[in-house]
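Structural overview for review
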Amino acid sequence: MTQIAEQFLDKWHEGVDERSFTKINALLAEGIQLISPVAFRPITDRQYILKVLENVVTNIEGFHYTRSVVLSDGGVLLIFQGEVDGLMIEGMDLFDLDSEGRATSLKVMLRPYK
């Protein structure tokens, strides 16, 4: 599973760096769940999740990942930074992957909460 997670990371970074939401979409499983700090229930609409990701990557000024870690259970943890309205933010994306290397869940944590 580690190799699958490493391949996911490479493809994810490539998609984000290129702002290629076609590439990012290919990494999302059909039944993906987004667990967001601003929603009470997981979001399961894949196209909506893709739009959220697109908005984050394009609207957070200077959005970039500072750390990428493959977890012992085959998941992936990414730490990101950027700026919104002059406020530096930092967050974490925690991905669970299926056997084909697609994200089945994405849990996002963000600070500071404003």
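So, here is what we can say about the structure in this document. (Residues numbered from 1 in each chain as written. Predicted model: local features only at pLDDT ≥ 70, side-chain atom pairs only at ≥ 80, totals over all residues. Heavy atoms only, no water.)

Digging into the layout of surface pockets
- Roughly 600 Å³ of internal volume is contained in the largest pocket.
- Surrounding the largest pocket, 26 residues form its lining, Pro37, Val38, Val56, Ile60 and Leu110 being those nearest its centre.
- Of all the secondary-structure elements, those providing two or more residues to the lining of the largest pocket are helix H3 (46-59), strand E2 (61-70), strand E3 (76-84), strand E4 (87-97) and strand E5 (103-111).
- Of the residues contributing to the lining of the largest pocket, the split by class is 22 nonpolar, one polar and three charged. (1 Å grid on protein atoms, 1.4 Å probe; cavity = no way out; pocket = protein on both sides within 12 Å on 5 of 7 lines; lining within 4 Å. Points joined across faces, edges and corners; volume = space filled by probe spheres on them. Helix = DSSP H or I, 4+ residues; strand = E, 2+ residues; numbered from the N terminus. Nonpolar A, V, L, I, M, F, W, Y, C, P; charged D, E, K, R; others polar.)

Considerations on the pattern of salt bridges
- Here the structure, examined in full by the defined rule, presents seven salt bridges.
- Note that Arg46 and Glu30 form a salt bridge whose closest N and O atoms lie 2.3 Å from each other. Taken together, the residues span a long stretch of sequence, with Arg46 in helix H3 and Glu30 in strand E1 (residues 28-35) at a distance of 16 residues.
- Take Glu30: its relative accessible area is 62%, and that puts it in the exposed class.
- Notably, a salt bridge pairs Arg111 with Glu90, separated by 4.0 Å at the nearest N-O pair. On the criterion of sequence distance, the pair formed by Arg111 in strand E5 and Glu90 in strand E4 is long-range, its members being 21 residues apart.
- When salt bridges that share partners are traced, they join Glu14, Glu18 and Lys23 into one network. (Salt bridge = Lys/Arg side-chain N within 4 Å of Asp/Glu carboxyl O. Buried < 20%, exposed > 50% of the residue type's maximum accessible area, 1.4 Å probe, protein only.)

Observations concerning the environment of Gln3
- One can find Gln3 in helix H1 (residues 2-18).
- The spatial distance from the C-alpha of Gln3 to the C-alpha of Gly101 is 9.2 Å, given a sequence separation of 98 residues.

Section: unusual backbone geometry
- In this structure, the amide linkage connecting Arg111 to the following residue, Pro112, adopts the cis form with an omega of -15°.
- The topology assignment puts Pro112 in the segment after E5.
- Within the chain, Arg19 stands out as a residue other than glycine whose phi angle is a positive 55°.
- Within the element layout of this structure, Arg19 appears in the loop between H1 and helix H2 (21-26).
- With phi around 50°, Asp85 is a residue other than glycine that occupies positive phi space.
- Summarising the element assignment, Asp85 is placed in the loop between E3 and E4.
- Relative accessible area serves as the criterion here: at 76%, Asp85 is assigned to the exposed category.

By themselves, these are just geometric observations and shouldn't be taken as functional.
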